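# Analysis of the macromolecular model
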Amino acid sequence: MSSLNLYKGENTLQPLKGRRDTFGLEEAEEWIRKLFGEREKKVVLGIYGAPNAGKTTLANRIAMDCNVEPKGVVSEIPHETREVIKIENLNLNINGKNLQLTILDTPGLATKISHLEFIKYGLSESEAIQRTKEALKGITKAIESMDEIDAAITVIDSTKMPYEQINIIIIGTLEAKRKPTIIVANKIDLPEAKPELVKKFYPNHQVVPISALTGQNIEKLYKILTEII
Ligand SMILES: Nc1nc2c(ncn2[C@@H]2O[C@H](COP(=O)(O)OP(=O)(O)O)[C@@H](O)[C@H]2O)c(=O)[nH]1
Ligand SMILES: [Mg+2]
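Let me begin by describing the structure that accompanies this report. (Residues numbered from 1 in each chain as written. Chains lettered and ligands numbered in written order. Predicted model: local features only at pLDDT ≥ 70, side-chain atom pairs only at ≥ 80, totals over all residues.)

## Some remarks on the overall build of the protein
- In terms of helices and strands, the protein carries seven helices and six strands.
- When the helices and strands of the protein are placed in sequence order, the string is α-β-α-β-β-α-α-β-α-β-α-β-α.
- Relative to its 229 residues, the protein shows a buried fraction of 31%.
- Long-range pairs, those at least 24 residues apart, make up 68% of the contacts in the protein between residues at least 6 apart in sequence. (Helix = DSSP H or I, 4+ residues; strand = E, 2+ residues; numbered from the N terminus. Buried ≥ 20, exposed ≤ 12 C-beta atoms within 10 Å, placed from the backbone. Contact = placed C-beta atoms within 7 Å.)

In structure tokens:
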């Protein structure tokens, strides 16, 4: 840094006055940003979507791809994730760029939750009622977490109809909060997946078809993340 001749004297924070041939503090910051800023970014990324869309599977995959222990529990029973799970210090290196990510794996968002749904999966009535209460709180926590993030991934299960109300609410809420989102059309490993329908329904968004389970096309998602964040 000393070769930059930033300051008068050694290690003092006094910008030189009246000498236009040397760097001022602002110019130096700009210079450093130009050199390193585009290569290294710290970003909080929230993952949102309906229950069972594959949010936790995706969060865990990103963690594993960054050699970090996955944290979330994946389950076929909806509303398994009922707290926001934060995975910090993830370093994603793509095409010479380094993204330093904190991921928020969030509880599933839904327009209705019934305890009867959980009973179908074999939970007792009291367990089902407790899970319903926690799932409702989880929805509030997921929405609140949107204020903490820099950008989002909205996960849509591409074996289901993409225009479900909840997806529209999620994307609309992120837009209202001015948070950019990529849409992931997940579960493309399944024969009934129709990621093209997701693309058709959200023409103004980047839609990336992936399988969070098998990792299919995940590199494409990482590449787009480094481009838009
Ligand atoms: N076939 C397939 N199943 C997936 C994929 N992603 C998640 N799942 C399954 O979908 C269910 C819900 O996954 P989970 O990650 O817990 O969803 P979340 O509720 O959105 O966090 C689990 O049974 C997962 O194994 C995928 O890409 N392909
Ligand atoms: Mg989950």
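## Quick look at the site of ligand 1
- Around ligand 1, the surrounding shell holds 21 residues, and the nearest of these are Gly 54, Lys 55, Thr 56, Thr 57 and Leu 213.
- In terms of residues, the shell around ligand 1 owes the most to one element, helix H2 (residues 55-65), which gives three residues.
- For the shell around ligand 1, the class distribution of residues is six nonpolar, 10 polar and five charged. (Near = placed C-beta within 6 Å. Nonpolar A, V, L, I, M, F, W, Y, C, P; charged D, E, K, R; others polar.)

## Some words on unusual backbone geometry
- The phi dihedral of Asn 89 is positive, around 55°, even though this residue is not glycine.
- Mapped onto the elements of the fold, Asn 89 is located in strand E2 (residues 85-94).
- Given 9 C-beta atoms within 10 Å, Asn 89 falls into the exposed group.
- Here Arg 178, not a glycine, exhibits a phi torsion of approximately 60°, which is positive.
- Inspection of the secondary structure puts Arg 178 in the loop between helix H5 (165-176) and strand E5 (181-186).

## Examining helix H7 (residues 218-228)
- Three or more residues of H7 are buried, namely Leu 221, Leu 225 and Thr 226. Considered in projection along H7, the buried side chains sweep an arc of 130° and stay on one side of the axis. The outward face of H7, more than 90 degrees from its buried face, is lined by the exposed residues Glu 219, Lys 220, Glu 227 and Ile 228.
- Where H7 is buried, its residues meet E2, strand E3 (97-105), E5 and strand E6 (207-209). (Arc of directions from axis to C-beta.)

## Some remarks on the pairing of strand E4 (residues 151-157)
- Counting buried residues along E4, six of its seven residues qualify, which places the element largely inside the surrounding structure.
- Pairing of E4 with E5 involves six bridges; the strand directions are parallel. Looking across to E5, one finds that Val 155 is bridged to Val 184.
- Regarding topology, H5 serves as the crossover connection from E4 to the parallel E5, and that connection is right-handed. (Pairing = 2+ DSSP bridges. Right-handed = clockwise from strand over helix to strand, strands pointing away.)

## Here's the deal with H2
- With eight of 11 residues buried, H2 lies mostly within the body of the structure.
- Among the residues trailing H2, Asn 67 stands out with phi positive, at a value near 60°.

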